[in-house]
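These are the residues of each chain, in order.
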Amino acid sequence: MAHHADPDVSFEFFPPKTEAMEETLWRSIERLAPLRPLFVSVTYGAGGSTRHRTHATISRILRETDLAPAAHLTCVGATCEEIDEIVRDYKRMGVTRIVALRGDPPTGAGTPYEPHPGGYAGSPELVAGIKAIGGIDVSVAAYPEKHPDSASPAADIANLKRKVDAGADEAITQMFFDNDMFEDYVERVRAAGIDVPIVPGVIPIHNYEQVVKFAERIGASVPVWLRERFDAVGEDKDDRDKLATEIAADQVHDLIERGFRRIHFYPLNRAKLTLAIFDRLQLGPANAARAAAADDAGSAQTRSTV
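Residues numbered from 1 in each chain as written. Predicted model: local features only at pLDDT ≥ 70, side-chain atom pairs only at ≥ 80, totals over all residues. Heavy atoms only, no water.

**Q** Summarise the overall build of the protein; cite the residues concerned and give the values.
**A** Regarding its fold elements, the protein presents twelve helices and eight strands. The buried share of the protein, taken over its 306 residues, is 48%. By sequence separation, contacts in the protein at least 24 residues apart represent 77% of the contacts at least 6 residues apart. (Helix = DSSP H or I, 4+ residues; strand = E, 2+ residues; numbered from the N terminus. Buried < 20%, exposed > 50% of the residue type's maximum accessible area, 1.4 Å probe, protein only. Contact = heavy atoms within 4.5 Å.)

**Q** Explain the pairing of strand β5 (residues 137-142) to me, and be specific about the residues and the numbers.
**A** Counting buried residues along β5, five of its six residues qualify, which places the element largely inside the surrounding structure. Pairing of strand β4 (residues 97-101) with β5, which is carried by four bridges, proceeds in the parallel orientation. Directly across from I98, in β5, lies its bridge partner V138. Pairing of β5 with strand β6 (residues 170-175), which is carried by four bridges, proceeds in the parallel orientation. Its bridge partner being in β6, V140 is matched across the sheet by A171. Each parallel crossover has a hand, and the one from β5 via helix α5 (residues 153-165) to β6 is right-handed. (Pairing = 2+ DSSP bridges. Right-handed = clockwise from strand over helix to strand, strands pointing away.)

**Q** Could you give an account of the nonpolar core, with specific residues and numbers?
**A** Ranked by size, the top nonpolar core spans 64 residues in total, and within it F11, L160, I198 and F265 carry the most contacts. Dropping the residues within four chain positions of it, L160 is found in contact with V140, A141, A142, A171, Y185, V189, I194 and I198. V99, M175, F177 and I203 belong to the second largest nonpolar core, which has 26 residues in total. (Core = buried A, V, L, I, M, F, W, Y, C linked by side-chain atoms within 4.5 Å.)

**Q** I'd love a proper account of the packing of aromatic side chains, names of residues and values included.
**A** Taken as a whole and judged by the stated rule, the model has six aromatic pairs. Consider the rings of Y208 and F230, whose centres lie 4.7 Å apart with planes at 20°: the pair is stacked. Pair noted here: Y208 is in helix α7 (residues 208-218) and F230 is in helix α8 (residues 224-233), with a separation of 22 residues, a long-range link. Of the two residues, Y208 and F230, both sit in the buried class. (Phe/Tyr/Trp six-rings, centres within 6.5 Å; stacked < 30°, edge-to-face > 60°.)

**Q** Tell me what's going on with the pattern of salt bridges, and back it up with residues and numbers.
**A** Taken as a whole and assessed by the stated rule, the structure comprises 19 salt bridges. For R97, the salt bridge goes to D137, with nearest N and O atoms at 3.7 Å. You can see R97 sitting in strand β4 and its partner D137 sitting in strand β5, a full 40 residues away along the chain. The shortest N-O distance in the salt bridge between R97 and E170 comes to 3.6 Å. In this pair, R97 sits in strand β4 while E170 sits in strand β6, placing the two residues 73 residues apart along the sequence. (Salt bridge = Lys/Arg side-chain N within 4 Å of Asp/Glu carboxyl O.)

**Q** So what about the sheet that holds β5? Which residues, and what values?
**A** Read once around its circumference, the closed barrel built from eight strands follows the order β1-β2-β3-β4-β5-β6-β7-β8, with strand pairing classed as parallel. On average, each strand axis in the sheet is inclined to that of its neighbour by 30°, with strand direction left out of account. With three bridges connecting them, β6 and strand β7 (residues 198-202) associate as parallel partners. Residue I172 lies in a different strand from β7, and its bridge partner there is V199. Against the sheet, helix α3 (residues 80-93) makes contact with β3 (69-74) and β4, and its axis sits at roughly 175° relative to β3, the strand it touches most. (Axes fitted to C-alpha atoms, helices over the stretch in contact; angles between N-to-C directions.)

**Q** Describe helix α2 (residues 51-64), naming the residues involved and giving the relevant values.
**A** Compared with an ideal rise of 1.5 Å per residue, which puts 14 residues at 20 Å, α2 spans 20 Å between its outermost C-alpha atoms and is within 8% of the ideal. In this fold, the buried residues of α2 make contact with α1 (19-32), β2 (39-42), β3 and α3. (Expected span 1.5 Å × (residues − 1).)

**Q** Can you explain the packing of α3 against helix α4 (residues 123-133)? Please cite residues and give values.
**A** Interhelical geometry of α3 versus α4 gives an angle of 45° and a closest axis separation of 10 Å. With respect to α4, the axis of α3 lies oblique. Taken as a pair, α3 and α4 cross one another with a handedness that is right-handed. Touching I83, D84, V87, R88 and K91 of α3 are L126, I130 and I133, all from α4. Partitioned by chemical class, the residues of the contact of α3 with α4 number five nonpolar, no polar and three charged. (Parallel < 35°, antiparallel > 145°, perpendicular 65-115°, else oblique. Left-handed = near helix turned anticlockwise from the far one by under 90°. Nonpolar A, V, L, I, M, F, W, Y, C, P; charged D, E, K, R; others polar.)

Purely geometric stuff here, so don't read any function into it on its own.
Below, the structure written as structure tokens:
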């Protein structure tokens, strides 16, 4: 089956809280590693609450895998000096990418954000600080439907421009389900003079209700058709997983057709649906080799070694 060259992908994980979650995460990392992501990012809890777990997860990825980890870092709860020290520490460990975020206020999402005294005022300043240390690529967040704290979509894009002007190398979007809306957002971003890659963020829906709650919190809309399709399949977990795979695979396929060559996945520390999406789209080295083997033995040799 002919298909486009595979997109470059990245995966986002969160640091595990319990031993059982730790096992799930490492099983997922092992299963997703063969898809050869550009990097895997590890998130950072509100108010810097998971800093040590984030650090531990990153150091284990560096120690035990060939994957390139990217550390999430926020401005919350630390002075500029403390944050710079964390950046230098990551750099010494061998981390070459940081995902720089403002972060939620320690008082909780939805409460007013107050910069830490002596800390970075926001993500543009954090990006500039990381870039001043040097030798690190920086990804930042983009919000196709604007950040809940932004006054307007235009103000939100202006803030993204400040992050890019400070040195950000790419912007990864919050999850979304409507590719037309995303493409319209990218056009507005380009019109604002922002030229870095805008990487679409795709979430495989492991748990529909959970994703809806998460979407509400971050100001992402859930289309009516999505709710209707999940209602129609009922409560059976396998049926829901099949539907989730189909929806995300269709979204990714359409993004590739529209020319987006970089996609960021939010697998929520589970591999199953992401693997199913790659399988369905025949993406990833294993699929390339399988497709090639089906063509003929001769070309299988050349394609699977590329």
